[in-house]
Amino acid sequence: MLDSGKSIGPLNAELLSWLEEVKDPEIPVLSLVDMGVITQAEVDGSVARVEMTPTFVGCPALEIMKQEVEQVITRHGFTPEVTVSFREPWSSDKMTEKGKAALKKFGLAPPPASAQVFHDLEILESATCPRCNGTNTELKNPFGPTLCRAIYYCHTCHEAFEQFKPV
Amino acid sequence: MSNLALKEILYKMADDLLVFGHRNSEWTGFGPLLEEDIAFSSMAQDKIGQSQALYQLLHQLGEQEPDTVAFTRNANQFHNCTLVELPNREYDFSLVRHFLFDTADALRWQMLMQSSYTPLAQLAAKVRGELRYHTLHANTWIKQLGSATEESIGRLQQSLNELAPYALGMFERSPYEDQLIADQIYEGEKALEARWQQAIEKTLAQTQLTSPDWKIQTPHLGGRVGEHTEHLQPLLDEMSEVFRIDPGAEW
Ligand SMILES: [Zn+2]
């Protein structure tokens, strides 16, 4: 049996483990939990309540992810109540260590700490190459193929790579 | 606190972002470089997303559904400043407008992080991170092209001079100005304008461009109360056409 939660309580571990199934459609190695977009997960009787927050306000994948969360909850026999909120805004710092490791394996440089970026935008000028771990890199475009990615060039590998943007 | 005052600021911000987002998206396929194409498309997506979040806040205050509000009003019901509705024209014109608008927009959201209206303050905390990339993009290109060739400097300077009165229209005072300040919704247009001028001048000082003399400009007002140039209605028609064909279209 699942524990009954409070209005804004701790994240229900079992409910979270179900949500591990739901991946970001743009980065299929990353679950919503690893991404850090689940800001509330509680069970109240037969209702499973989940609050999500978008990575980018205009993220086109949000609606799909929300529907998948509802389907997973329904499949486990609970009534889903899924809301989207900015109460606890997402920042790339919310990504778990497991998530960052998965990103790197996927070939995407994980985001550096966003607090540093706010302090000094020059941090964005270079990133660590996910292939060779080299730092002789150059920002080519702060806007990549999706809202959450930036494009860099590695002078060691002589190839471009993408970084998950710190936000 | 009166909802009218709050709705006024939400509408003008949402409409600015929707219209400007749409203008940005018109660069898709036409950018001078592929990467500029992608940049303007990404910024368009961010801005339209942000406008939707603001229309959602308006919906919570009793206004109609976000899509209805965005796609079924006429130009005289829009509260965007005229700066954002002007056609894109050449790249340098678009770049200067992007620089003038996004510098103000970033400062506006930064102010709103302290807003007494919690939903707006929460949204501002989120949007702030995204806008870093928009201002970074604008400043990078202004600094680069504003110090490059005689031609690029000349073209940017001309766009800057031409756009200055429209840019000042961003700060058209609201009839609720005093109330919004007293209720600590934000610090008001006057404070924003002063901070914006400083920021603009700081970037221009790193180029060979000259800041317009703001004191001698006649601001292009009216946008905030629905008085627009002839360019807005065709843009709205085009937007709502997509909406009428497929109301569920992803923006
Ligand atoms: Zn490398």
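A. Inspection of the overall build of chain B at higher detail. A tally of regular secondary structure across chain B gives ten helices and zero strands. Ordered by position from N to C terminus, the α and β elements of chain B give α-α-α-α-α-α-α-α-α-α. Relative to the 2.2 N^0.38 estimate, which gives 18 Å for 251 residues, the radius of gyration of chain B is 17 Å and therefore close to what a compact globule would have. Dimensions of chain B, computed from C-alpha atoms along their principal axes, come out at roughly 55 × 45 × 35 Å. Here chain B holds 251 residues, and 56% of them are scored as buried. For chain B, restricting intrachain contacts to residue pairs at least 6 apart in sequence, the fraction spanning at least 24 positions comes to 79%. Accessible area of chain B: about 10,400 Å², with a carbon and sulfur share of 51%. Averaging the coordinates of the 20 positive side-chain charges in chain B and doing the same for the 36 negative ones gives two points 6 Å apart.

B. Summary view of the coordination of the zinc ion. Residues and elements named next belong to chain A. Within the protein, Cys129 (SG), Cys132 (SG), Cys154 (SG) and Cys157 (SG) serve as the donor atoms for the zinc ion, at 2.3 to 2.4 Å. One can describe the donor arrangement at the zinc ion as tetrahedral, given that its four donor atoms subtend angles of 105 to 117° at the metal. The exposure class assigned to Cys129 is buried, which follows from its relative accessible area of 0%.

C. Inspection of the side chain of Asn12 of chain A at higher detail. All names here are of chain A. For Asn12, the location among the structural elements is in the segment before helix H1 (13–19). Separated by 3.0 Å, the side chain of Asn12 and the backbone nitrogen of Glu14 make a polar contact. At 3.1 Å, the side chain of Asn12 forms a polar contact with the backbone nitrogen of Leu15.

D. Here's a closer look at the environment of Ile48 of chain B. Residue placement: Ile48 of chain B occurs in helix H2 (residues 34–60). For Ile48 of chain B and Val19 of chain B, which are 29 residues apart along the polypeptide, the C-alpha to C-alpha distance reads 8.3 Å.

E. Quick peek at the domain arrangement of chain A. Residues and elements named next belong to chain A. Per the domain assignment, the segments making up chain A are domain 1 (10–84) and domain 2 (108–164). Counting residues at the interface gives six residues for domain 1, matched by six residues for domain 2. Here domain 1 packs against domain 2, burying approximately 530 Å² in sum over the two surfaces, 79% of which is carbon and sulfur. Summed over the three residues of domain 1 that lose the most area to domain 2, namely Glu26, Ile27 and Phe56, the buried surface amounts to 77% of that side. For the pair domain 1 and domain 2, the interface holds one residue pair in polar contact (both at pLDDT 80 or more). Residues that form the side of domain 1 that touches domain 2 fall into these classes: four nonpolar, one polar and one charged.

F. Representation of the packing of H2 of chain B against helix H6 (residues 118–145) of chain B. Residue and element names in this part refer to chain B. The N-to-C vectors of H2 and H6 enclose an angle of 160°; their axes lie 11 Å apart at closest approach. Classed by the angle they form, the pair H2 and H6 counts as roughly antiparallel. For the pair H2 and H6, the crossing hand works out as left-handed. Across the interface between the two elements, Glu35, Glu36, Ala39, Phe40, Met43, Asp46, Lys47, Gln50, Ala53, Leu54 and Leu57 from H2 touch Pro119, Leu120, Leu123, Val127, Glu130, Leu131, His134, His137 and Trp141 from H6.

G. A look at unusual backbone geometry. Its identity is not glycine, yet Asn133 of chain A carries a phi of approximately 65°, on the positive side. Despite not being glycine, Arg89 of chain B shows a phi value in the positive range, around 55°. On the secondary structure map, Arg89 of chain B appears in the loop between helix H4 (82–85) and helix H5 (91–112).

H. Representation of the sheet that holds strand S8 (residues 149–154) of chain A. Residues and elements named next belong to chain A. In space, the four strands of this open sheet follow the order S6-S9-S8-S7, with mixed pairing throughout. Two strands lie at the open edges of the sheet, namely strand S6 (108–109) and strand S7 (137–141), each paired on one side alone. Relative to strand S9 (residues 159–164), S8 is paired through six bridges, and the arrangement is antiparallel. Within S9, the position partnered with Ala150 by the bridge is Gln163.

I. Summary view of the pattern of salt bridges. All names here are of chain B. Across all of its chains, the model carries 26 salt bridges over all chains by this definition. The closest approach of N and O atoms between Lys7 and Glu63, which form a salt bridge, is 3.0 Å. Of the two residues, Lys7 is situated in helix H1 (residues 3–25) and Glu63 in the loop between H2 and helix H3 (66–71); the sequence distance between them amounts to 56 residues. On the accessibility criterion, Glu63 (21% relative accessible area) is partly exposed. The salt bridge involving Glu26 is made with Arg23; its shortest N-O contact spans 3.1 Å. Given the relative accessible area of 26%, Glu26 is considered partly exposed. Using a relative accessible area of 6% as the deciding quantity, one classes Arg23 as buried.

What counts, and where the lines are drawn
- Residues numbered from 1 in each chain as written.
- Chains lettered and ligands numbered in written order.
- Predicted model: local features only at pLDDT ≥ 70, side-chain atom pairs only at ≥ 80, totals over all residues.
- Heavy atoms only, no water.
- Helix = DSSP H or I, 4+ residues; strand = E, 2+ residues; numbered from the N terminus.
- Rg over C-alpha atoms; globule rule 2.2 N^0.38 Å.
- Buried < 20%, exposed > 50% of the residue type's maximum accessible area, 1.4 Å probe, protein only.
- Contact = heavy atoms within 4.5 Å.
- Areas by Shrake-Rupley, 256 points an atom, 1.4 Å probe, with all protein chains shown as cover.
- Lys, Arg positive; Asp, Glu negative; His and termini not counted.
- Charge placed at Lys NZ, Arg CZ, Asp CG, Glu CD.
- Donors = N, O, S within 2.8 Å, 3.2 Å for Na, K, Ca; no water.
- Tetrahedral: all angles 85-135°; square planar, octahedral: opposite > 155°, others 65-115°.
- Polar contact = N/O pair within 3.5 Å; in protein donor to acceptor, adjacent residues only side chain to side chain.
- Domains from an automatic or database assignment.
- Buried area = accessible area lost by both parts, 1.4 Å probe.
- Nonpolar A, V, L, I, M, F, W, Y, C, P; charged D, E, K, R; others polar.
- Axes fitted to C-alpha atoms, helices over the stretch in contact; angles between N-to-C directions.
- Parallel < 35°, antiparallel > 145°, perpendicular 65-115°, else oblique.
- Left-handed = near helix turned anticlockwise from the far one by under 90°.
- Pairing = 2+ DSSP bridges.
- Salt bridge = Lys/Arg side-chain N within 4 Å of Asp/Glu carboxyl O.

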